[in-house]
Amino acid sequence: MIIILKQDAPEQKVRQFCDELKGMGLEINDSKGSDTHILGLIGDTKAIAESWVLANPVVETCRRVSEPYKKANRKFHPDDTAVDVSGIKLGAGHFAVIAGPCSIESEAQITDVAQRVKAAGASLLRGGAFKPRTSPYSFQGMRGEGLDLLKIARRATGQPIVTEIMNTEHLPLFENVDLIQVGARNMQNFELLKAVGRQKKPVLLKRGLANTLEELVMSAEYIMAEGNENVILCERGIRTFETSMRNTLDLAGVVMLHKMTHLPVVVDPSHACGQAWMVPQLAKAAVAAGADGLMIEVHNDPPKAKCDGAQSLTPDQFDELMAFLKQEIPFFGKELN
Ligand code: PEP
Ligand code: MN
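A brief report on the enclosed structure follows.

Criteria and thresholds
- Residues numbered from 1 in each chain as written.
- Chains lettered and ligands numbered in written order.
- Predicted model: local features only at pLDDT ≥ 70, side-chain atom pairs only at ≥ 80, totals over all residues.
- Heavy atoms only, no water.
- Buried < 20%, exposed > 50% of the residue type's maximum accessible area, 1.4 Å probe, protein only.
- Helix = DSSP H or I, 4+ residues; strand = E, 2+ residues; numbered from the N terminus.
- Pairing = 2+ DSSP bridges.
- Donors = N, O, S within 2.8 Å, 3.2 Å for Na, K, Ca; no water.
- Phe/Tyr/Trp six-rings, centres within 6.5 Å; stacked < 30°, edge-to-face > 60°.
- Lys NZ or Arg CZ within 6 Å of the ring centre and 35° of its normal.
- Near = heavy atom within 4 Å.
- Polar contact = N/O pair within 3.5 Å; in protein donor to acceptor, adjacent residues only side chain to side chain.
- Areas by Shrake-Rupley, 256 points an atom, 1.4 Å probe, with all protein chains shown as cover.
- Nonpolar A, V, L, I, M, F, W, Y, C, P; charged D, E, K, R; others polar.
- Core = buried A, V, L, I, M, F, W, Y, C linked by side-chain atoms within 4.5 Å.
- Contact = heavy atoms within 4.5 Å.
- Salt bridge = Lys/Arg side-chain N within 4 Å of Asp/Glu carboxyl O.
- Axes fitted to C-alpha atoms, helices over the stretch in contact; angles between N-to-C directions.

1. As for the pairing of strand β14 (residues 293–297)
Part 1 of the argument: Counting buried positions over the five residues of β14 gives five, a clear majority of the element.
Part 2 of the argument: Side-chain alternation along β14 places Gly293, Met295 and Glu297 on one buried face and Leu294 and Ile296 on a second face that is also buried.
Part 3 of the argument: By the bridge criterion, two bridges tie strand β13 (residues 265–267) to β14 in an arrangement that is parallel. From the neighbouring strand, Val266 faces β14, where its bridge partner is Gly293.

2. What about the coordination of the manganese ion (ligand 2)?
Part 1 of the argument: Distances from the manganese ion (ligand 2) to its protein donors, namely Cys102 (SG), His271 (NE2), Glu297 (OE) and Asp308 (OD), fall within the range 2.0 to 2.4 Å.
Part 2 of the argument: Considered as a linear motif, the donors of the manganese ion (ligand 2) on their single chain read C-x168-H-x25-E-x10-D. Of this pair, Glu297 sits in strand β14 while Asp308 sits in the loop between β14 and α10 (315–328); the two residues are 11 residues apart in sequence, bridging distant segments of the chain.
Part 3 of the argument: Residue classification places Glu297 among the buried positions, given a relative accessible area of 1%.

3. What to know about the packing of aromatic side chains
Part 1 of the argument: Applying the stated criterion across every chain yields a total of three aromatic pairs.
Part 2 of the argument: Centre to centre, the rings of Phe17 and Trp52 are 6.1 Å apart; their planes meet at 45°, and the pair counts as tilted. Note that Phe17 is positioned in helix α1 (residues 11–23) and Trp52 in helix α2 (residues 50–54), a separation of 35 residues in sequence.
Part 3 of the argument: A relative accessible area of 1% places Phe17 in the buried class.
Part 4 of the argument: Taken together, a centroid distance of 4.6 Å and an interplanar angle of 25° make the contact between Phe190 and Tyr222 stacked. Remark: Tyr222 occurs in helix α6 (residues 213–225) and Phe190 occurs in helix α5 (residues 190–197); sequence separation between them is 32 residues.
Part 5 of the argument: For Phe190, a relative accessible area of 31% translates into the label partly exposed.
Part 6 of the argument: Across the ring face of Phe324, the terminal group of Lys284 is positioned such that the distance to the ring centre comes to 4.2 Å.
Part 7 of the argument: Sitting above the plane of the Phe139 ring, Lys306 keeps its charged end 5.0 Å from the centroid.

4. Quick look at the site of ligand 1
Part 1 of the argument: Around ligand 1 there are 13 residues in total, and Arg126, Lys131, Ala184, Arg185 and Arg236 lie nearest to it.
Part 2 of the argument: Lys206 places a polar side-chain atom, nitrogen or oxygen, 2.9 Å from an oxygen atom of ligand 1.
Part 3 of the argument: One nitrogen or oxygen atom from the side chain of Arg236 is found 2.6 Å from an oxygen atom belonging to ligand 1.
Part 4 of the argument: Isolated, ligand 1 exposes 300 Å² of accessible area, and the fraction of that covered by the protein chains is 97%.
Part 5 of the argument: Considering only residue class, the shell around ligand 1 consists of three nonpolar, three polar and seven charged.

5. Quick word on the nonpolar core
Looking at soluble globular proteins, one finds that nonpolar side chains tend to be buried together.
Part 1 of the argument: The biggest cluster of nonpolar side chains holds 70 residues, and the ones touching the most others in it are Leu205, Leu233, Leu294, Ile296 and Phe318.
Part 2 of the argument: With six residues, the single largest contributor to this core is α6.
Part 3 of the argument: Residue contacts for Leu294: discarding those within four places in its chain leaves Phe95, Ala96, Val97, Ile98, Val266, Val267, Pro269, Ala283, Ala286, Val287 and Leu325.
Part 4 of the argument: Core analysis: the next-biggest nonpolar cluster, separate from the first, contains 17 residues, Val14, Leu41, Ile48 and Cys62 among them.

6. Here we look at the pattern of salt bridges
Part 1 of the argument: Counted according to the given criterion, the structure contains 19 salt bridges.
Part 2 of the argument: A salt bridge links Lys32 to Glu11, with the shortest nitrogen-to-oxygen separation between them at 3.9 Å. One end of the pair, Lys32, is in strand β2 (residues 27–32); the other, Glu11, is in helix α1, and 21 residues separate them in sequence.
Part 3 of the argument: Beyond isolated ion pairs, a larger network of salt bridges with shared partners links Asp44, Lys46 and Lys70.

7. Digging into the sheet that holds β2
Part 1 of the argument: The four strands lie next to each other as β2-β3-β1-β4, forming an open sheet whose pairing is antiparallel. The open sheet is flanked by β2 and β4 (59–63), the only strands paired with a single partner. Each neighbouring strand pair of the sheet contributes to a mean axis angle of 20°, computed without reference to strand direction.
Part 2 of the argument: Taken together, the six bridges between β2 and strand β3 (residues 37–42) define a ladder with antiparallel strand orientation. Following the sheet pairing, Ser31 is matched in β3 by Ile38.

Here it is, written out as structure tokens:
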């Protein structure tokens, strides 16, 4: 971090400030020119908030020159990380497809979709039991009963399961889930991030609707700082001025995330565009952008879906997409599992 001091800052106050910084274990590179006085902080500045520095009356301005995240930072872990979800790897050359309905609706529905997406080549099964809905009057998910049905589907197909947690109190219910999803709306629910960081199951962290890439990586850092380094990031579209689609899929963000972090990045084109006809093309584009996996909503009868039917592929449409992906993924240097 570089700190520029005010021209007229009293020397004694500057000394006090420097002592305070040294007390935090930092070294200071002090350079005083004829009209600028700059302090270069050397050491781990991730716990120093810019707002704290700026609040000191001797400071004119300050600038961070290293990122505030460490465990997730590519600079400290140059190699890609592969996250293992009950034997299925994502990242470091491993590509996996997560597919299933937005929400679990019945045993027949989830088991039928599970069998179809497994046969098509998806290695992980998704299904929401606790649903974050904009309206309190919309279907809220089957909750605990939904989790039980998802486990029944897992027994039928052997696919590891992925489902969303919304509340720290529900954590005991998720003990038997293979990959715990933290949804877009909870990306900055810091208590939830800490709680999933204190347990061992891998976490799928979705980008918030209006969050920067750095904020997404900082949320991953929250989980990792608690001891759980098995974090998979998910780009699922962000809010922009565009209204013709549900969200705007930030594929440039996928490329940038791979520079910022060593963690795997999956893309969810379904929530990004909100329209089934767009999903296959966006899925292909995500592969070309370097995604380590895809999350695709598939429903056995989309017009009757209780949630997100418009963006759900039918099993036949999903078959077609998977046939294409099986052919194309090796061209991008990845192995589909
Ligand atoms: C979901 O995956 O069903 C979901 C609610 O996603 P998001 O948090 O990205 O909106
Ligand atoms: Mn959905």
